[in-house]
Amino acid sequence: MSDERHAAANSILGTSGVGRVRVDSSASDRASRAWWDADADDYHRTHGEFLGVNSAEGEFVWCPEGMHEGDHHLLGDIVDKDILEVGCGSAPCARWLAGHGARAVGLDISMGMLARGQDAMNAGGPAVPLIQASAELLPFADESFDIACSAFGAVPFVADSQQVMNEVARVLRPGGSWVFAVNHPIRWIFPDDPGPKGLTATLPYFDRTPYVEVDDNGVPTYVEHHRTIGDRVREIVAAGLQVHDIIEPEWPEWLDREWGQWSPLRGQLFPGTAIFSAVKP
């Protein structure tokens, strides 16, 4: 993760090393809150146009492969539905949902990211409530939402993703759906490089030890967690949900943009994103 694209965050947080160590929920949450606060400017500068984060109306782009909810309708009918976006960042997805007839709420751990969503809403367009909280403890009553969604938010960055599934299942109404996009687990075995170096497997797929960046005192400044495809399915089922689909977007011919480790080169050979769709009975 550490490179020139995140220079400001690395400087602010004093990132000085990388390792693979176990990290509990509180340490992981602290690292994610500090990281996304510090990286918010660079993130929006790099990805803002693609994601529509600077648009008052927002956009709902599921992944670096460019899948848009308006084209693929993974959430189904959203009109007059109560929808929770988990790990919303600056909430372009929640704002897009609100502009298309939903009652959307955005939740994120980073106030720095949420502030940019508020700035966008202040410029006009649909407004949505924004809540700062961890995805492991959702501050909502049981059966509050018809749909929950997450486009690369929260799930890869929490130590206890089973608890996220449990919490989402709790706040969903019967018949509600939970759709979330994450790095495809197969990417864990390759270096975080969009070029030829990123085509050679170097890490065990079955090693769930988190990727952790630390400062000079060994305090985590960035944490990302790995789960296999099977892990994700078992988490969903253990939460009392039913797996509806697993979508592995192909790299589109029209897209020549690199995004971190995502690139046309790698996208032609193996998936970069996995989108899990589940339903509460």
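Residues numbered from 1 in each chain as written. Predicted model: local features only at pLDDT ≥ 70, side-chain atom pairs only at ≥ 80, totals over all residues. Heavy atoms only, no water.

- The name recorded for the protein in an unreviewed UniProt entry is Class I SAM-dependent methyltransferase, from Rhodococcus baikonurensis.

**Quick notes on the nonpolar core**
Part 1: In terms of nonpolar packing, the biggest core is built from 28 residues, with Leu84, Phe140, Val168, Trp178 and Phe180 touching the most fellow members.
Part 2: Mapped onto this core, the elements with two or more residues apiece are β2 (82-86), β3 (103-108), β5 (145-151), α6 (161-171), β6 (172-183) and β10 (273-279).
Part 3: The leading source of residues in this core is α6, at five residues.
Part 4: Discounting residues that sit within four places of it in the chain, Leu84 has contacts with Val105, Leu107, Leu138, Phe140, Phe145, Ile147, Ala148, Cys149 and Val171.
Part 5: The next biggest cluster of nonpolar side chains, apart from the first, holds 25 residues, and it includes Leu75, Cys88, Cys93 and Ala181. (Core = buried A, V, L, I, M, F, W, Y, C linked by side-chain atoms within 4.5 Å. Buried < 20%, exposed > 50% of the residue type's maximum accessible area, 1.4 Å probe, protein only. Helix = DSSP H or I, 4+ residues; strand = E, 2+ residues; numbered from the N terminus. Contact = heavy atoms within 4.5 Å.)

**A word on helix α7 (residues 229-238)**
Part 1: All of the buried residues along α7 are Asp231, Arg232, Glu235 and Ile236. Looking straight down α7, one finds its buried side chains confined to an arc of 135 degrees; they lie on one side. Of the exposed residues in α7, the ones pointing more than 90 degrees away from its buried face are Arg234 and Ala238.
Part 2: Summarising the contacts, the buried residues of α7 are in contact with α6, β6, β9 (242-247) and β10.
Part 3: Directly beyond the C-terminal end of α7, a positive phi value near 90 degrees is found at Gly240. (Arc of directions from axis to C-beta.)

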